[in-house]
Amino acid sequence: MFYSVEGDFRRNKDAQELTLANVDSTVTLVANNAFLSLTTSTNKRHRIGKFIQQRKKRSLVRVVWLIHPNVVSSYWGHLREVQYRGGQNTLRIHLKHQSQVAGGSELSPLQDFLQWCDRVCLVLSSKVCVSKEGTVAEYGMLAKDNIEEGEVLFTIPRSALLHQGTTKISALLEKERASLESPSGWVPLLLALLYEYTSSQSHWKPYLSLWTDFKALDHPMFWSKEERDRLLRGTGIPEAVDTDLANIQREYTDVVLPFITKHPDLWNPDTHTLELYKQLVAFVMAYSFQEPQEEEDDEEEEEEGEKAANPPMMVPMADMLNHVSNHNANLEFTPDSLKMVCVRPIHKGEEVFNTYGQMANWQLLHMYGFTEPYQSNSNDTADIPITNLYKAATQGIQSDSDRQLLDEQWEMLCEMMQEKAAFVFGKQGCLTDTELHTVLKVLCMSKEEFAEFNDNEGWEEDEEEDEKISLAFSNEGLPGLKASWKGLIHEAARLTVRSYGDDQEGKREGGDVDRDKALIENMVALAGLNSRRQNALQVRYGQKSILHRLMALTQS
């Protein structure tokens, strides 16, 4: 709850002084029609309030400043009025709850957050506004005026970022850093969020209060297992979520719970539960940012080894922008601040979109809880598991010697790449073309060729060859591949399509994707589906469309 100071002041360009009764006599409040500042005995001035209202009447100006409750508790105690003395006039100035300000209405969470942004010196362009209306999700940013490429939409000082170094418990997290290590690397930030989200005195409360109960987060990890397996079968999401949930429980049980139990003054296992921890993991997945590593020369990378990724951090305001692949803004990192910069012209009334990266729909749903319409997501992909390529190869076995050769080839490939590896196909062709080229080349070798390949311990890499491979596995090049290679790709794609469980024996191949397309294009029928079914449909249809196109391009 915020408070306000208000009073009638003679029109005067000079600042006015508010003398506080019953507090340290060296503390003075200085007010004008913009800010309310506090000057301590060390002559340091702190801006503690913001001008929010002014009404002129004859020679008097009624002025209202907004003041954070921490200031009230720190400097005024239970005081509810102060004396103003200026010139020959003495006025009584009352301290009021914010609910008594601006017509008696309570500040909304969004208004509270925007005023917090002012206090932390987050600068928002006058050409944009944050809104819950006219955006694709609960919150979003709209252009109030035409915006040109290169214009800065808002600037966030690094002191306003929420991470393990800025939280109130940063010293403890740094001291105990060794005990907080985990495969995810997220534990320090999640502990900070557990503390700040449940602390009534948190500096970050206006920001975190935008998410009252995380019900807006609808990641598949919050769906029932039955619903995930039924709606998302074949997409790879159910398996990824099962892994996530197992890792989250292990991390909470092994690392987080012992730590918070050691510090009962900061955390309580009854409040800071596994369920809240899981919600905060989803919050970090959906809304956090990772600062990219500085680019280094290849020689420096070899000498120092690969650097660990920067830990995630929460970036107020930036995380309110929604994502599309064809975005119009991008977050830039500087030593002192982060800036959201327009990357192409935005017209008045249009929504400002950031990008979360080149994300396929299955990745967007898994990590962020939403999808883009398949047609507009230029980054959509479909995976073909390497095991499906092996199954396709076994269908051509005609003798025991052929079986033995295939087993030896498969054993070598498993040593070269992970058994759970997959080949990724996008809308323009294969995105993992070099790996697919290697596997096809090995699987289609004769006994003599494979023996020579073994003796030579592989083949030499050629950069020019890489360019030829990329072209060969693009949509333009796929029809021209060797017949044996096309046959393996075609059959592996067909096996992958069958994993969705839509095709039934005796029905025309491709009928399932036609049904999905008809449903997506029927706006009335699509609107009749709940959000989970709509998102699952976009993922399945996108993946199957790519696979069916691949099958057409590799048809014998």
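Residues numbered from 1 in each chain as written. Predicted model: local features only at pLDDT ≥ 70, side-chain atom pairs only at ≥ 80, totals over all residues. Heavy atoms only, no water.

### Looking at the overall build of the protein chain
As a reminder of what qualifies: Under the DSSP-based scheme used, a helix requires at least four consecutive residues in state H or I and a strand at least two consecutive residues in state E, with every element numbered from the N terminus. Buried means the residue's accessible area, taken with a 1.4 Å probe over protein chains only, is under 20% of the maximum for its type, while exposed means over 50%, and partly exposed covers the values in between. Residue contacts are counted whenever heavy atoms from the two residues lie within 4.5 Å of one another. Here the accessible surface of atoms and residues is derived via Shrake-Rupley with a 1.4 Å probe, and residues count as covered only by protein chains that are part of the display.
Tallying secondary structure elements over the protein chain gives 19 helices and 21 strands in all. Burial status across the protein chain gives 46% buried among its 556 residues. Of the contacts formed within the protein chain by residues at least 6 apart in sequence, a portion of 66% connects residues at least 24 apart. Element-wise, carbon and sulfur atoms account for 47% of the exposed surface of the protein chain, whose accessible area totals about 29500 Å².

### Concerning unusual backbone geometry
Excluding glycine, residues mostly have negative phi values, and the peptide bonds linking residues are mostly trans. Non-glycine residue C121 carries a positive phi angle of around 65°. Structurally, C121 is set in the loop between helix 2 (109-119) and strand 9 (123-124).

### Here we look at the packing of helix 11 (residues 386-394) against helix 13 (residues 433-443)
The following threshold applies: For helices, the axis comes from a line fit to the C-alpha atoms of the stretch in contact; other axes are also lines fit to C-alpha atoms, and the angle between any two N-to-C directions lies between 0 and 180 degrees. What sets the label is the angle itself: under 35 degrees gives roughly parallel, over 145 gives roughly antiparallel, 65 to 115 gives roughly perpendicular, and the rest give oblique. Definitions for this section: a left-handed crossing has its near helix turned counterclockwise from the far helix by less than a right angle. A right-handed crossing has that turn clockwise. Classes in brief: Ala, Val, Leu, Ile, Met, Phe, Trp, Tyr, Cys and Pro nonpolar; Asp, Glu, Lys and Arg charged; the others, Gly included, polar.
Across the interface, helix 11 lies against helix 13 with an axial gap of 11 Å and an inter-helix angle of 20°. Comparing the axis directions of helix 11 and helix 13 gives the class roughly parallel. Remark: the crossing between helix 11 and helix 13 carries right-handed chirality. In this structure, helix 11 uses I386, L389 and A393 to contact helix 13, whose residues at the interface are L436, V439, L440 and L443. Tallied by class, residues from the contact of helix 11 with helix 13 come to seven nonpolar, no polar and no charged.

### Some points on the pairing of strand 20 (residues 422-426)
To be explicit about the condition: Any two strands with at least two DSSP-identified bridges between them are counted as paired.
Extensive coverage of strand 20 is indicated by the burial of four of its five residues. With five bridges connecting them, strand 19 (residues 381-385) and strand 20 associate as antiparallel partners. Looking across to strand 20, one finds that T381 is bridged to G426. Bridge analysis of strand 20 against strand 21 (residues 429-430) gives two bridges, and the strand direction is antiparallel. The residue bridging F425 from the neighbouring strand is C430, located in strand 21.

### Some remarks on helix 8 (residues 274-287)
For clarity, the cut-off: Given a helix with a known number of residues, its expected span is that number minus one, times 1.5 Å.
Between its first and last C-alpha, helix 8 extends 20 Å over 14 residues, near the 20 Å set by a 1.5 Å rise per residue. Here helix 8 lies mainly inside the structure; twelve of its 14 residues are buried. Taken together, the buried positions of helix 8 are occupied by L276, Y277, K278, Q279, L280, V281, A282, F283, V284, M285, A286 and Y287. On its buried side, helix 8 packs onto helix 4 (187-198), helix 5 (205-208), helix 7 (237-262), strand 13 (288-289), strand 14 (313-314) and helix 10 (361-368).

### Examining helix 2
Among all positions of helix 2, only L110, D112, F113, Q115, W116 and C117 are buried. Remark: C121 follows helix 2 within two positions and exhibits a positive phi of approximately 65°.

### Here we look at the packing of aromatic side chains
Put simply, the test is: Only rings of Phe, Tyr and Trp enter the pairing, Trp through its six-membered ring, and a pair is recorded when the two centres are within 6.5 Å. The plane angle decides the type: under 30 degrees is stacked, over 60 is edge-to-face, the rest tilted. Here, a charge over a ring is recorded when the distance from Lys NZ or Arg CZ to the ring centre is within 6 Å and its angle to the ring normal is within 35 degrees.
Under the criterion given, the structure shown has 17 aromatic pairs. The structure contains a cluster of three or more aromatic residues connected by ring pairs, namely F113, W116, W204, Y207, W211, F283 and Y287. The cationic tip of K544 hangs over the ring face of Y500; the distance from NZ or CZ to the ring centre is 5.7 Å.

### Topic: the pairing of strand 18 (residues 351-354)
Burial along strand 18 is two-sided: E351 and F353 and V352 and N354, pointing in opposite directions, are all buried. Bridge analysis of strand 11 (residues 140-143) against strand 18 gives two bridges, and the strand direction is antiparallel. Each bridged residue has a counterpart across the sheet, and for L142 the counterpart in strand 18 is E351. Here strand 15 (residues 322-323) runs beside strand 18; their pairing, made up of two bridges, is parallel. By the bridge assignment for strand 18, N322 is matched with F353.

### Description of the sheet that holds strand 18
As summarised here, the arrangement of the four strands in space is 10-11-18-15, forming an open sheet in which the pairing is mixed. Every interior strand has two partners, whereas the edge strands, strand 10 (128-131) and strand 15, have only one.

### A word on the packing of helix 11 against helix 12 (residues 400-416)
The geometry of helix 11 relative to helix 12 is characterised by a closest axis approach of 11 Å and an angle of 165° between their N-to-C directions. In terms of their interaxial angle, helix 11 and helix 12 are classed as roughly antiparallel. Crossing of helix 11 over helix 12 shows right-handed handedness. Packed against helix 11, whose contacting residues are I386, T387, Y390, A393 and T394, the element helix 12 presents R403, L406, D407 and W410 at the interface. For the contact of helix 11 with helix 12, the per-class residue count stands at five nonpolar, two polar and two charged.

### Brief notes about the side chain of S202
What counts here: Each polar contact in these results corresponds to two N or O atoms within 3.5 Å; when the atoms are within protein, one needs to be able to donate a hydrogen and the other to accept it, and residues that are neighboring in sequence are counted only if both atoms are side-chain atoms.
Mapped onto the secondary structure, S202 falls in the loop between helix 4 and helix 5. Exposure remark for S202: the relative accessible area of 5% places this residue in the buried category. Of note is the side chain of S202, whose polar atom sits 3.0 Å from the backbone nitrogen of W204.

### Some points on the nonpolar core
To be explicit about the condition: By convention a nonpolar core is built from buried Ala, Val, Leu, Ile, Met, Phe, Trp, Tyr and Cys residues, the set being connected through side-chain atoms within 4.5 Å.
Ranked by internal contacts, the top residues of the largest apolar core, which has 84 residues, are F154, L191 and F283. Considering each element in turn, this core owes the most residues, ten residues, to helix 8. Setting aside residues no more than four positions away along its own chain, L191 makes contact with I169, L173, L180, V256, F259, I260 and W267. Counting 45 residues, the second-largest nonpolar core is a separate cluster that includes I384, L481, V497 and I546.

### Section: the pattern of salt bridges
Note the threshold: The rule for a salt bridge is simple: a side-chain nitrogen of Lys or Arg has to be within 4 Å of a carboxyl oxygen of Asp or Glu.
Evaluated as defined, the whole model comprises 16 salt bridges. Residue E227 pairs with R532 through a salt bridge whose shortest N-O separation is 2.7 Å. A residue pair is termed long-range when its members are at least 10 positions apart, and E227 in helix 6 (residues 225-231) and R532 in helix 19 (residues 531-553) qualify at 305 residues. The partner of D242 in a salt bridge is R228, and the shortest N-O contact between them spans 3.4 Å. In this pair, D242 sits in helix 7 while R228 sits in helix 6, placing the two residues 14 residues apart along the sequence. Given the relative accessible area of 4%, R228 is considered buried. Residues joined in a network through salt bridges with shared partners are K225, R228, D229 and D242.

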